[in-house]
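A structural walkthrough
Here is what each chain is made of, one letter per residue.
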Amino acid sequence: MSSRFYLFLLIMAIVFLSVLSCGKPKEGKVIITEQEFFLRQDSSHAYVVDARGKVQNVGDVDVRRIVLTGYCRSCDDALAPGRWMGAGEDRTSDQKAVVGYLSVGEKAEFTFKGVAFIYQLVPEPPAQMPDTMEIIVESFETVR
């Protein structure tokens, strides 16, 4: 065989390997599979909505330091008697959950406090919970 043929095979192999190496990089993806909100009495007139649930790694790589928190979309920004107030933008460590590590396909449970607050004028539980609350994945890191 001629040297041109070997040179052609070498060039084709380089092009083929280049195309393969330009593939889509593996990504991490984390979803909330279960979420539950529950009422807790904080003092004689104050009540708090806490959260618990499960998170799952549905991505292509392992992930770590998954930070979860909750939002009350139907709550007010200021505390007023008999009205639900949502947690502010600056969250305390109690208002977040951190899952240390999740392998691909793995699930983990989490819990955190303080999604919403209400102060009642009478020492009775509120008639209803806030309408719109959600748990979000605030951030995570991929493991390479």
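Please refer to the structure higher up on the page.
Cut-offs used in this document
- Residues numbered from 1 in each chain as written.
- Predicted model: local features only at pLDDT ≥ 70, side-chain atom pairs only at ≥ 80, totals over all residues.
- Heavy atoms only, no water.
- Disulfide = S-S within 2.5 Å.
- Buried < 20%, exposed > 50% of the residue type's maximum accessible area, 1.4 Å probe, protein only.
- Helix = DSSP H or I, 4+ residues; strand = E, 2+ residues; numbered from the N terminus.
- Polar contact = N/O pair within 3.5 Å; in protein donor to acceptor, adjacent residues only side chain to side chain.
- Contact = heavy atoms within 4.5 Å.
- Salt bridge = Lys/Arg side-chain N within 4 Å of Asp/Glu carboxyl O.

Evaluated as defined, the whole model comprises 1 disulfide. Across the disulfide from C72 sits C75; the S-S distance is 1.9 Å. As the torsion about the S-S bond is roughly 70°, the C72-C75 disulfide counts as right-handed. Comparing C72 with C75, the two get one shared label, buried.

Turning to the side chain of Q120, a few remarks are in order. Here Q120 shows up in the loop between strand 6 (107-119) and strand 7 (133-142). Look at Q120 and you get buried, because its relative accessible area is 11%. A polar side-chain atom of Q120 sits 3.3 Å from the main-chain carbonyl oxygen of E124. The residues touching Q120, leaving out its near neighbours within four places in the chain, are H45, Y47, G82, P125 and P126.

Per the counting criterion, the structure on display carries 8 salt bridges. Across the pair R40 and D50 runs a salt bridge whose closest N-O atoms are separated by 2.5 Å. One end of the pair, R40, is in strand 1 (residues 30-41); the other, D50, is in strand 2 (residues 46-57), and 10 residues separate them in sequence. For D50, a relative accessible area of 3% puts it in the buried group. Residues E141 and R64 are paired through a salt bridge, measuring 2.9 Å at the closest nitrogen-oxygen approach. Placement of E141 in strand 7 and of R64 in strand 3 (residues 63-72) is noted, with a sequence separation of 77 residues between them.

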